[in-house]
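Spelled out from the first residue to the last, the chains are:
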Amino acid sequence: MRNALPGTRRLLITWAVLMGLTLVSMLSAQLGGEARLQALPLWSALLLLLSTGFKAHQVLMVYLNLRTSTAAWKGTFIGLAVVTLAVIGSGYVMARFAG
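Basis of the calculations
Residues numbered from 1 in each chain as written. Predicted model: local features only at pLDDT ≥ 70, side-chain atom pairs only at ≥ 80, totals over all residues. Heavy atoms only, no water. Helix = DSSP H or I, 4+ residues; strand = E, 2+ residues; numbered from the N terminus. Buried < 20%, exposed > 50% of the residue type's maximum accessible area, 1.4 Å probe, protein only. Areas by Shrake-Rupley, 256 points an atom, 1.4 Å probe, with all protein chains shown as cover. Expected span 1.5 Å × (residues − 1). Phe/Tyr/Trp six-rings, centres within 6.5 Å; stacked < 30°, edge-to-face > 60°. pLDDT = per-residue confidence, 0-100. Patch = residues over 30% accessible without salt bridge, like charges linked within 9 Å, V, L, I, M, F, W, Y side chains within 5 Å. Salt bridge = Lys/Arg side-chain N within 4 Å of Asp/Glu carboxyl O. Contact = heavy atoms within 4.5 Å.

## Concerning the overall build of the protein chain
Working step 1: Counting secondary structure elements, the protein chain contains 3 helices and 0 strands.
Working step 2: Secondary structure elements of the protein chain occur, N-terminal to C-terminal, as α-α-α.
Working step 3: Burial analysis of the protein chain (99 residues in total) assigns 15% to the buried set.
Working step 4: Total accessible area on the protein chain is roughly 7,200 Å²; 72% of this is exposed by carbon and sulfur atoms.

## A closer look at helix α2 (residues 42–63)
Working step 1: Here α2 is 22 residues long and its end C-alpha atoms lie 31 Å apart, about the 32 Å a rise of 1.5 Å per residue gives.
Working step 2: The complete set of buried residues in α2 reads S44, A45, S51, Q58, L60, M61 and V62.
Working step 3: Two residues or fewer past α2, N65 is found with a positive phi of approximately 60°.

## Some details on the packing of aromatic side chains
Working step 1: A complete count under the given rule lists 1 aromatic pair for this structure.
Working step 2: Relative to F77, the ring of W73 lies with its centre 5.9 Å away and its plane at 25°, an arrangement referred to as stacked. Residue W73 and its partner F77 are both found in helix α3 (residues 71–98); the two are separated by 4 residues, about one turn of the helix.
Working step 3: Given a relative accessible area of 31%, F77 falls into the partly exposed group.

## Some thoughts on the confidence of the model for the protein chain
Working step 1: Across the protein chain, the average pLDDT comes to 84, with 82% of residues at or above 70.
Working step 2: In the model of the protein chain, helix α1 (residues 6–29) stands out as the element of lowest mean pLDDT, 84, in contrast to α3, which has the highest, 93.

## Points about a nonpolar patch on the surface
Working step 1: Nonpolar side chains collect at one region of the surface, where L11, W15, M19, V59, Y63 and L64 lie side by side and expose about 560 Å² of accessible area between them.
Working step 2: For the nonpolar patch, the secondary structure elements donating two or more residues are α1 and α2.
Working step 3: The element contributing the most residues to the nonpolar patch is α1, with 3 residues.
Working step 4: Relative to the helices and strands, Y63 resides in helix α2.

## Observations concerning the side chain of Q58
Working step 1: Among the secondary structure elements, Q58 is positioned in helix α2.
Working step 2: Given a relative accessible area of 16%, Q58 falls into the buried group.
Working step 3: Contact partners of Q58, with chain neighbours within four places excluded, come to T14, L18 and Y63.

## Digging into the environment of S25
Working step 1: Summarising the element assignment, S25 is placed in helix α1.
Working step 2: Exposure remark for S25: the relative accessible area of 13% places this residue in the buried category.
Working step 3: For the pair S25 and L47, spaced 22 residues apart in the sequence, the C-alpha separation amounts to 7.5 Å.
Working step 4: With residues up to four places along the chain from it excluded, the contact list for S25 reads L48 and S51.

As structure tokens, this is what we get:
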């Protein structure tokens with residue numbers, strides 16, 4: 001890894017972090033115990049959304065290389081990701097507390 005180019009090294013480190021966060025997401029979804037058909041606890045769903053948000057940010061900045069683009073492009077894509085996560089989170093909260 002020492003001889004890897006700086007760009008390649010960044011990609012490999014980002015990939016490792018994303019894989020670790022995927023494992024965190026998978027494990028937090030399994031923390032419900034025996035009740036497999038019930039909704040996730042609120043803290044577990046929040047952990048999944050935060051992990052997903054960070055992963056989306058990393059993909060946008062590193063793999064799509066938005067860190068070198070203008071603030072307008074960064075803001076647009078990050079804004080869309082935040083809106084998407086907010087819609088998913090609000091849908092979860094509404095389904096969780098409506099019934």
